[in-house]
Amino acid sequence: MRIAVIGGGINGLCSAWRLAQGGDHVTVFERGRLMDATSSASSKLLHGGLRYLETGQFLLVREALRERDAWINRAPQLTRPLPILLPIYRGSRRPRWMIGLGMKLYDMLAGKSALPKSESLSKAQVMAFMPLLKTESLLGGFRYYDGQMDDRQLGLWVAEQCRQAGVVINEDAPVVAASPEGTLTLAKSRPMSFDCILNVAGPWAEKLLSDSGIKARYGLDVVRGSHLIVERACRHALLLEVPGGKRIFFVLPWQGRSLIGTTEVRQPLEAPIVCSNEEIDYLIEAYNHFHSQPIARADIVETFAGIRPLVKSASDPSKARRDYAFQRNGRLLTVFGGKWTTSLALAEKLKRKVH
Ligand SMILES: Cc1cc2nc3c(=O)[nH]c(=O)nc-3n(C[C@H](O)[C@H](O)[C@H](O)COP(=O)(O)OP(=O)(O)OC[C@H]3O[C@@H](n4cnc5c(N)ncnc54)[C@H](O)[C@@H]3O)c2cc1C
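Rules behind the numbers
Residues numbered from 1 in each chain as written. Predicted model: local features only at pLDDT ≥ 70, side-chain atom pairs only at ≥ 80, totals over all residues. Heavy atoms only, no water. Phe/Tyr/Trp six-rings, centres within 6.5 Å; stacked < 30°, edge-to-face > 60°. Helix = DSSP H or I, 4+ residues; strand = E, 2+ residues; numbered from the N terminus. Buried < 20%, exposed > 50% of the residue type's maximum accessible area, 1.4 Å probe, protein only. Lys NZ or Arg CZ within 6 Å of the ring centre and 35° of its normal. Pairing = 2+ DSSP bridges. Near = heavy atom within 4 Å. Polar contact = N/O pair within 3.5 Å; in protein donor to acceptor, adjacent residues only side chain to side chain. Areas by Shrake-Rupley, 256 points an atom, 1.4 Å probe, with all protein chains shown as cover. Nonpolar A, V, L, I, M, F, W, Y, C, P; charged D, E, K, R; others polar. Domains from an automatic or database assignment. Axes fitted to C-alpha atoms, helices over the stretch in contact; angles between N-to-C directions. Contact = heavy atoms within 4.5 Å. Parallel < 35°, antiparallel > 145°, perpendicular 65-115°, else oblique. Left-handed = near helix turned anticlockwise from the far one by under 90°.

**Quick notes on the packing of aromatic side chains**
Two aromatic rings, taken as a pair, are described by how far apart their centres are and by the angle between their planes.
Step number 1: Throughout the structure, instances matching the rule amount to 8 aromatic pairs.
Step number 2: Aromatic side chains W17 and W157 sit 5.8 Å apart centroid to centroid with 85 degrees between the ring planes, which places their arrangement in the edge-to-face category. Of this pair, W17 sits in helix α1 (residues 10-21) while W157 sits in helix α5 (residues 151-164), placing them 140 residues apart in sequence. One exposure class covers both W17 and W157, and it is buried.
Step number 3: For the ring pair Y218 and F336, a centre distance of 5.4 Å and an interplane angle of 55 degrees mean the geometry is tilted. In this pair, Y218 sits in strand β12 (residues 218-230) while F336 sits in strand β19 (residues 332-337), placing the two residues 118 residues apart along the sequence.
Step number 4: Assessed through its relative accessible area of 0%, F336 is described here as buried.
Step number 5: Put simply, the rings of Y89, F249 and F290 touch in pairs and so form one group of aromatic residues.
Step number 6: Taking the ring centre of F194 as reference, the NZ or CZ of R2 above it sits at 4.8 Å.
Step number 7: The residue whose ring lies beneath R18 is W17, and the NZ or CZ to ring-centre distance is 5.7 Å.

In C-alpha cells:
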C-alpha cells in the first residue's frame, strides 16, 4: 500500500517504521524538522507511569512498562535504566502504605522485567542516596526503576531505521488538508494521492482534521509542560510531591546537570510554547523546598516546554482520559494522543487498523 504519514514526531516515525517493515511504501510529511516538537520536550523518561495507578489505568501502565523495557533492550546506546528515589515526608498527601502498595503493583505489572524491583528505604538510607535532601519531617522512602532516554536522539535513530526500511522522509513539508478519499493537500507542492493517510500530527491532529473539514470525535486538551536544566549535578533521580499540592515533579540527572519538571498549564494551541516566568518560579520553589542547597534563576542553563496532547471525548469532556484513540474517515486515520514510551505499541495497533 502507498501510505502517507503526517507528523515527524515519535508517533509518526514509529508508525512509518512499522508499516515499512511490513512492506508498505511509506512517505512522511513533517512541516518543520523531525523530532523538533513535543517528542524532544519530554521528561526523557521511558516509564510505566506510576501516577496512572492512582486513576486505575492498570492496562496502560502494564503496556508502558513492557514498552519501557523494549526500548532499553532495543537501543541501549541512547537509553539506560534509571533508579528513582521517592522520599516520604510527614504531611505528604500520599501515605507511606499507599505508595508501598503502588510500588508492589508497579513491580507486578512489570512482569519479568530485567530492571530491579522497588525497595522500601529508611530515613538513613534515603539520606545516604541523597545527602542534600532536607531531613526535617523526612520519614523514609522508596527506590524504584524506570528508564531514561535521549528523546531527540532516540527519535532520530528511529528516523534512520525508517530510511533503512525504505521510508521517504520529507521535512519542511506542511500538510494543509487530508481527505477521506486519500488526497493530501500540501503547502509547497501539488496534491498527492495515497491508499491510506495517517494523521499523526500530535497536538495538532485535531486542528488538521478541522482544517480538512472533518469533525473530530475526540478533543485534545492542550496542556503545556515546562522543564528547567540547572547547573547542579544530580546525584540521584527524585520523584517529589509539589509542596501543598498533589502534583508530582521530577529532579533528574541530565548530561551532568539537573533536569527539573514539569508543570501543567492549559494554553491555546496557537500560543507560543515556552516556559513562563511563573513556571520558572514554581519549579525553583518546589526544588528549594526539598534541597538544603537552594538554586536560583542564575543557575538555569536552559528551559524548554512542550504541549501534551491529552485525549478527551468530544461528546463527554469529563470522561476519563485515555492514552490514545483513533478515528477513521475513509482512507484517513487520525491518532489522538499517545505517549513517547508507548509509541511503538501505538504503531503496531495502527498497522493492524491499516491492514
Ligand atoms: C512536558 C512533557 C513531558 C513529557 N514527558 C514524557 C515522558 O517522560 N515520557 C513519555 O513517555 N512521554 C512523555 N510526554 C508525552 C510525549 O512526549 C508525547 O505524548 C509524544 O512526544 C507525542 O509525540 P507525537 O509524535 O504524537 O507528537 P509530536 O512530537 O508533537 O509530533 C507531531 C509532529 O507533527 C508535525 N505536524 C503538525 N501539524 C502538521 C502538518 N499540518 N503538516 C505536517 N506536519 C505537521 C509537528 O511539527 C510535529 O513534529 C511528555 C509530554 C510533555 C509535553
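**Observations concerning the sheet that holds strand β10 (residues 192-193)**
Step number 1: Taking strand neighbours across the sheet as the criterion, the 3 strands line up as β8-β9-β10 in an open arrangement whose pairing is antiparallel. One side of each edge strand has no neighbouring strand; the edge strands of this open sheet are β8 (175-178) and β10.
Step number 2: Strand direction decides the pairing type here: β8 and strand β9 (residues 183-186), joined by 3 bridges, are antiparallel. From the neighbouring strand, A177 faces β9, where its bridge partner is T185.

**A look at the site of the ligand**
Step number 1: What surrounds the ligand is a group of 37 residues, the closest being E30, T38, S39, G338 and T341.
Step number 2: Here T38 contributes a side-chain N or O atom positioned 2.5 Å from an oxygen atom of the ligand.
Step number 3: For the ligand, whose free accessible area comes to 1,000 Å², the fraction covered by protein is 95%.
Step number 4: For the shell around the ligand, the elements supplying multiple residues, two or more each, are α1, β12 and β17 (300-313).
Step number 5: Ranked by residues supplied to the shell around the ligand, first place goes to β17 with 3 residues.
Step number 6: Each residue belonging to the shell around the ligand can be placed in one class, and the counts come to 16 nonpolar, 16 polar and 5 charged.
Step number 7: Mapped onto the domain boundaries, the shell around the ligand takes at least three residues apiece from domain 1 (2-40 + 152-217 + 315-354) and domain 2 (71-149 + 221-311).

**Topic: the sheet that holds β19**
Step number 1: Pairing within the open sheet is mixed, and its 6 strands lie in the order β7-β2-β1-β11-β19-β18. In this open sheet, the two strands that pair with only one neighbour each are β7 (168-170) and β18 (324-329). Recorded for the sheet is a direction-independent mean angle of 15 degrees between the axes of neighbouring strands.
Step number 2: By the bridge criterion, 5 bridges tie strand β1 (residues 2-6) to strand β2 (residues 25-29) in an arrangement that is parallel. Across the sheet, I6 pairs through a bridge with F29, a residue of β2.
Step number 3: Those strands touched by helix α8 (residues 343-354) are β1, β11 (196-199), β18 and β19, and its axis lies near 20 degrees from that of β18.

**What about the side chain of D151?**
Step number 1: Structurally, the position occupied by D151 is in helix α5.
Step number 2: If we skip the residues at most four places from it in the chain, D151 touches M35, S39, S40, A41, S42, K44 and W340.

**Things to note about the packing of α1 against α8**
Step number 1: The contact between α1 and α8 brings their axes to 8 Å, and the two run at 50 degrees. With respect to α8, the axis of α1 lies oblique. Of the two possible hands of crossing, α1 and α8 adopt the one that is right-handed. Counting all contacts with α1, which are made through I10, N11, C14, S15, W17, R18 and L19, the residues of α8 involved are S343, L344, L346, A347, E348, L350, K351 and V354.
Step number 2: In terms of residue class, the contact of α1 with α8 is made up of 9 nonpolar, 3 polar and 3 charged.

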